[in-house]
Amino acid sequence: MGEIADPVQFKEEGNKHFQAGEIDKAIECYTKAIKSCKDKKALAVIYRNRSACFLKKENYNNAVSDASKAIDVDAADIKALYRRCQALEKLGKLDMAFKDVQRCATLEPKNKTFLETLRRLGADIQQKFLKKYRTCLTFCFQMNQIRRSKKRFEQLAANNLIVLAREDAGAERIFQNNGVPLLVQLIDTGKPEMILAAIRTLSGMCTGHRARATAIIHTVGISKLCSIMAVDNEEIVLATANLFQCVYDSLSGGDKRNYGKEEALVLDSSKDLKDILLALLEMIASKKVSGHGRDQALNLLTKNVPRKDKKNTDNSKGLFTIDHGLKKILKVCGQVPDLPDQLPLTENTQLIASVLLNKLYDDMRCDPERDHFRDTCDEYINKFDPNDMDRNIHAINTLSGILQGPFDVGNVLAGRQGVMEMMVALCGSEREVDQLVAVEALIHASTKTSKASFFISNGVTLLKDMYKKTKNEKIKIRALVGLCKLGSAGGDDYSMRQFAEGSTEKLAKQCRKWLCNPTLDVRTRKWAVEGLAYLTNDADVKDDFVEDEAALRAMFELAKSKDKTILYAVACTLVNCTNSYDKKEIIPEMVQLAKFSKQHVPEQHPKDKKDFIERRVKRLLKAGVTSALAVMVKADNSILTDQTKEMLARVFLALAEDIKDRGTIVAQGGGRALLPLALEGTDKGKIKASHALAKIAAVSNPEIAFPAERIYEVVRPLVSLLNTERDGLENFEALLGLTNLAALNDKLRVKILKEKALPEIENYMFEEHDQIRQAATECMCNLVQDRYLEDGNDKLKLLVLLCGEDDVQLQRAAAGALAMLTAAQKKLAVKITKVTGQWLEIIQRLCIHDNPEIQHRGLVTVFNMLDADEQLAKKLIECELLEILTYVAKLEDNPKKQDAINAARACLSRAMDTGLIKPFSN
């Protein structure tokens, strides 16, 4: 009997909770009843009841599911039918909702609710049909406009097609009305504006829809799309690359629709995905492809081939790409633009190819795979021919590309027999192009001094000779950069300077001179920044550099140019100038031990101390560093690597250190620029960017710092700083930023709650650090009210006890939270009396506090309690609190205490209104 009674008991308890408005508890009881119930009819009733709960909670999918289970038992269950109708309507499934209410009206033809719902849904369905019909007519009209209209109308009609395709209904209508072949006709017109419109319309149609993406690929053809992406028109190239990405996403899992078994079999996308990869690999080595087209083909491979999650063991795409395209990527790396018959390239092409090589190598899972990669590169490079210098410089330039990508592979290849000899031969050549390629290879080979001992020992003499003997500025500057790299091997360790005193300053001065010379081409001036990126490890150099405003502005202008290969060097230079790199903590005991054992002890340069760093930051801000950083952040991810993003985040954090400078950063677009850095990149980079965001959000008006929808993107980075792995300052400033955001509107408060910040904020209310506790309390005050009404938690008790703390700032925050909460929820004012026996003493202490702000907040809480409950008001007036209120109310007007005086008078007026006290005269 116990087993039979259990579900009934649970159901009855669920009914009581539902009637009391305690929906979550009702759902819990009904769920327990379902688990233990064996009777089908009783089970149907419980499912129907739980469906009503889910409707209240706006969980419409679960409401439909439960109602359907009840209907499966009894097809004439009118309550379940109507509840399913209501849920389906909310989900936008009007046709299905209409059928359910139609059955309800058939069962009870005189029920006014059913008849009204039937009429309303019928009208809504008709409107939806007309809207779709108009979409279809609009498509046909737009196509006719393009075919027949004059030039000034055809662009407008084409743009309308793009808008139609962005909505799923519009995209489907275009597709169903033979739209794809008609769009191909637009492409075939050869008019750039028509091609753009057609490509963008196709992108909208296939986004998130595997069936349409498959049809588009087969109708238009991969080769035709590649030929469009090969044109020398950057806008068309970017649009076509976006179409490829939309197709690839939809075919590889971007479409979440449920297809039947037969349809899923027809829509097997593996062959199409493989064909797309092969077509892109063909593009990168084709002479018919423009530089922009090649860039985008490489970008698409970089985005889609390597695994996004290294926990995924399937790296088949990477292996496939290496087998079918590694030599083609190496061919791009080896191109020498100064030679005839080369592939068309942009300033960024070869760096993008190097990044792709690096990602492919990182994607390898075992040593045999890495060996195969290395052997393929080795086979491609080591074919030197004394009679064919063009072939030789192509091989050495390929090595440069590998050294900029997977350095370990390049370093091994550079040590092979004949490579150094070939570099020496090229350095001694009379042709300028031979010398340029050789010296650039030497520079890239000495990037990581710890792994390039062979080049350090053999390359310095070679570079010095080239620097002294050549009169060609292009070669001279590159030789200088090589020397700069080798000379910076000691980093910022003052005791490990590679050159004699003053030599690095002379090299840096020459680099600044070249940097500011407008007659030199951008590529040559870029090498001057490369030199400074290494030389600014020396504090004397960076101090001189930031004093040279012309050189700073010249570097920032280069950073904004189309040649994005300079971004890494600029970021390195700025990290050095702001000292925002990681520093090893120097422990005095360990220093003494090192000296005793005669080990090397790093020394800090006098100009690397805090006051010098602060001065350099001010100079950078004055020269416009923020606007340059904002432009750099917008670069494509294939150029703006995760390491570069991390360096930019470090620089931003250093710039935002002084509260006075944060307004300047916001004014120059720094707030907006930080968002992508906080959301993408290395873990350390995201933390640094999030901390910089927190610093800005804590003291600025968030609506100005992060305009429009960007303000909602700030929440996640700030919440990420609320964990025990972050330091106290990061926790504190994140809390301040969230407090600022939570004060703005409900939508932001909901966003913070959705990011699961509430438990973390509550944890910080127990922190030992007073300032963190205060910030957490203020944040909680702005954030939630309903949580304090829930039974079974001590949140309100904690808040009341915090009001009794000795710390003034903490008291102020807690008293403010209590005043706001009791004003918003009268039930809380009553609940205060039940959480702790000390409540009255604490409230009285607030009302006589020396701090006018705390006193005002305490008196406002008393007013809210008087207004909340008659019995509570009577209890307050019968105690010593009446004397306190009378004393404060009779004080003379005082600007410093006026808020508190007015609050006390308001309390007495409320007591008089309710008849608890009689009027008094002053």
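Definitions and cut-offs
Counting restarts for each chain: residues are numbered from 1 in the order of the written sequence. pLDDT decides what is reported in this predicted model: residues at 70 or higher carry local features, side-chain atom pairs at 80 or more are listed and counted, and totals for whole chains, interfaces and linings draw on all residues regardless. Based on all heavy atoms of the structure, the side-chain values leave hydrogens and waters out of the count. Here a strand is any run of E in DSSP of at least two residues, a helix any run of H or I of at least four, and the numbering for each starts at the N terminus. Each residue's exposure class comes from its accessible area (1.4 Å probe, protein chains only) as a fraction of the maximum for that residue type: buried when under 20%, exposed when over 50%, partly exposed otherwise. Any pair of residues with heavy atoms lying within 4.5 Å of one another is described as a contacting pair. By definition, pLDDT measures how confident the predictor is in each residue, and it falls between 0 and 100. Computed over the protein atoms alone on a 1 Å grid, cavities are sets of points where a 1.4 Å probe fits but cannot get out and pockets are open sets with protein on both sides within 12 Å along at least five of seven lines; a residue lines them when it has an atom within 4 Å of a point. Grid points are joined across faces, edges and corners, and a volume is the space filled by probe spheres set on the points. Think of it as three bins: nonpolar holds Ala, Val, Leu, Ile, Met, Phe, Trp, Tyr, Cys and Pro, charged holds Asp, Glu, Lys and Arg, and polar takes everything else, Gly as well. We define a salt bridge as a side-chain nitrogen of Lys or Arg found within 4 Å of a carboxyl oxygen belonging to Asp or Glu. Throughout, an axis means a line fitted to C-alpha atoms (over the contacting stretch in the case of helices), and angles, computed between N-to-C directions, take values from 0 to 180 degrees. Note on terminology: angles under 35 degrees are roughly parallel, angles over 145 are roughly antiparallel, angles of 65 to 115 are roughly perpendicular, and the others are oblique. Any two of the Phe, Tyr and Trp rings considered here, Trp counted by its six-membered ring, make a pair once their centres fall within 6.5 Å; the pair's planes then place it as stacked at under 30 degrees, edge-to-face at over 60, or tilted in between. A helix is expected to span 1.5 Å multiplied by its residue count minus one. Two N or O atoms count as a polar contact when they lie within 3.5 Å, although within protein this holds only if one can serve as hydrogen donor and the other as acceptor, and sequence-adjacent residues are included solely when both atoms are side-chain atoms. The arc under discussion is defined with respect to the helix axis, by the directions toward the C-beta atoms. Cysteine sulfurs are considered disulfide-paired once they come within 2.5 Å of each other. For any pair of crossing helices, the crossing counts as left-handed if the nearer helix is rotated counterclockwise from the farther one by less than a right angle, and right-handed if it is rotated clockwise.

- Going by what an unreviewed UniProt entry lists, the protein is known as Protein unc-45 homolog B and is assigned to Cyprinus carpio carpio.

## Focus: the overall build of the protein
Item 1. Helices and strands together make up the secondary structure of the protein, namely 53 helices and zero strands.
Item 2. Burial analysis of the protein (922 residues in total) assigns 51% to the buried set.
Item 3. Summarising the internal contacts of the protein: among those between residues at least 6 apart in sequence, 68% fall at separations of at least 24.

## So, the confidence of the model for the protein
Item 1. Across the protein, pLDDT averages 84, with 87% of residues at or above 70.
Item 2. Scored below 50 in pLDDT, residues 490-498 shows 26 contacts in the model against residues more than four places distant or in partner chains.

## Remarks on empty space enclosed by the protein
Space left empty within the atom packing is revealed by a probe, the size of a water molecule, rolled over the atoms.
Item 1. Applying the stated criterion to the full structure yields two cavities of 30 Å³ or more.
Item 2. Of the volumes computed, that of the second largest cavity is approximately 70 Å³.
Item 3. Surrounding the second largest cavity, Gln335, Val336, Pro337, Asp338, Asn397, Val433, Leu436, Val437, Glu440 and Arg523 form its lining.
Item 4. The biggest single contributor to the lining of the second largest cavity is helix H24 (residues 432-445), with four residues.
Item 5. For the lining of the second largest cavity, the per-class residue count stands at five nonpolar, two polar and three charged.

## Regarding the pattern of salt bridges
Item 1. Within this structure, the stated rule accounts for 48 salt bridges.
Item 2. The closest approach of N and O atoms between Arg616 and Asp543, which form a salt bridge, is 3.1 Å. Of this pair, Arg616 sits in helix H33 (residues 610-623) while Asp543 sits in helix H29 (residues 539-547), and the two are 73 residues apart along the sequence.
Item 3. With relative accessibility at 11%, the residue Asp543 sits in the buried group.
Item 4. Two residues, Glu755 and Arg716, come together in a salt bridge whose shortest N-O distance is 3.2 Å. Placement of the pair is Glu755 in the loop between helix H43 (746-754) and helix H44 (758-764) and Arg716 in helix H41 (residues 715-720), with a sequence separation of 39 residues.
Item 5. Judged by its relative accessible area of 48%, Arg716 is partly exposed.

## Quick notes on the packing of helix H50 (residues 852-868) against helix H51 (residues 870-877)
Item 1. Contact geometry of H50 with H51 gives a least axis separation of 6 Å together with a crossing angle of 130 degrees. As the angle between them shows, H50 and H51 are arranged oblique. Along its contact with H50, which presents Val862, Met865 and Leu866, the element H51 presents Leu872, Ala873, Leu876 and Ile877.
Item 2. A breakdown of the residues in the contact of H50 with H51 according to their chemical character gives seven nonpolar, no polar and no charged.

## Concerning the packing of aromatic side chains
Item 1. One pass over the structure, following the stated rule, counts two aromatic pairs.
Item 2. Each ring, one from Tyr82 and one from Phe114, has its centre 5.2 Å from the other, and the planes form 50 degrees; the classification is tilted. A residue pair is termed long-range when its members are at least 10 positions apart, and Tyr82 in helix H5 (residues 78-90) and Phe114 in helix H7 (residues 112-148) qualify at 32 residues.
Item 3. Judged by relative accessible area, which is 17%, Tyr82 ranks as buried.
Item 4. Overall, Phe114 belongs to the buried group, its relative accessible area being 7%.

## Here's the deal with helix H31 (residues 567-578)
Item 1. Here H31 is twelve residues long and its end C-alpha atoms lie 16 Å apart, about the 16 Å a rise of 1.5 Å per residue gives.
Item 2. H31 sits mainly inside the fold: eleven of its twelve residues count as buried.
Item 3. For H31, the complete set of buried residues consists of Leu567, Ala569, Val570, Ala571, Cys572, Thr573, Leu574, Val575, Asn576, Cys577 and Thr578.
Item 4. Buried-residue contacts for H31 involve helix H28 (522-535), H29, helix H30 (549-559), H33, helix H34 (625-633) and helix H35 (642-655).

## What to know about the environment of Ser720
Item 1. Mapped onto the elements of the fold, Ser720 is located in helix H41.
Item 2. Spatially, the C-alpha atom of Ser720 lies 9.3 Å from that of Lys686, the residues being 34 residues apart in sequence.
Item 3. At a separation of 2.5 Å, a polar atom in the side chain of Ser720 contacts the main-chain carbonyl oxygen of Pro717.

## Concerning helix H22 (residues 407-414)
Item 1. Residues Phe407, Val409, Gly410, Leu413 and Ala414 constitute the buried set of H22. Within H22, the buried residues cover an arc of 160 degrees as seen down the axis, which keeps them to one side.

## A look at the environment of Leu243
Item 1. Relative to the helices and strands, Leu243 is located in helix H14 (residues 234-254).
Item 2. For Leu243, a relative accessible area of 0% corresponds to the buried category.
Item 3. Beyond its immediate sequence surroundings of up to four residues, Leu243 is in contact with Ile199, Leu202, Ser203, Cys206 and Leu225.

## Quick look at the side chain of Arg650
Item 1. Of note, Arg650 is situated in helix H35.
Item 2. Given the relative accessible area of 7%, Arg650 is considered buried.
Item 3. Among the polar contacts made by the side chain of Arg650, one reaches the side chain of Glu646 at a distance of 2.9 Å.
Item 4. Residues within four places of Arg650 in sequence aside, it is in contact with Ser580, Tyr581, Asp582, Lys684 and Lys688.

## Structural notes on the state of the cysteines
Item 1. In this structure the tally under the stated criterion is zero disulfides.
Item 2. Here Cys879 is not disulfide-linked; the sulfur of Cys847 is the nearest cysteine sulfur, at 9.6 Å.

## A look at the side chain of His849
Item 1. Secondary-structure assignment places His849 in the loop between helix H49 (839-847) and H50.
Item 2. Accessibility expressed as a relative area gives 17% for His849, which makes it buried.
Item 3. For His849, the residues in contact, after removing those within four places along its chain, are Gln811, Ile854 and Gln855.

## A few points about the packing of H31 against H34
Item 1. Between H31 and H34, the least distance of the axes is 12 Å, while the angle of their chain directions is 145 degrees. As H31 runs across H34, the sense of the crossing is left-handed. Here H31 contributes Leu567, Val570, Ala571 and Leu574 to the contact with H34, which in turn contributes Val625, Leu629 and Met632.
Item 2. Counted by class, the contact of H31 with H34 contains seven nonpolar, no polar and no charged residues.

## Regarding the environment of Cys427
Item 1. Mapping Cys427 onto the fold places it in helix H23 (residues 419-427).
Item 2. The contacts of Cys427, once residues within four sequence positions are left out, are Gln435, Ala438, Leu442, Leu462 and Met466.

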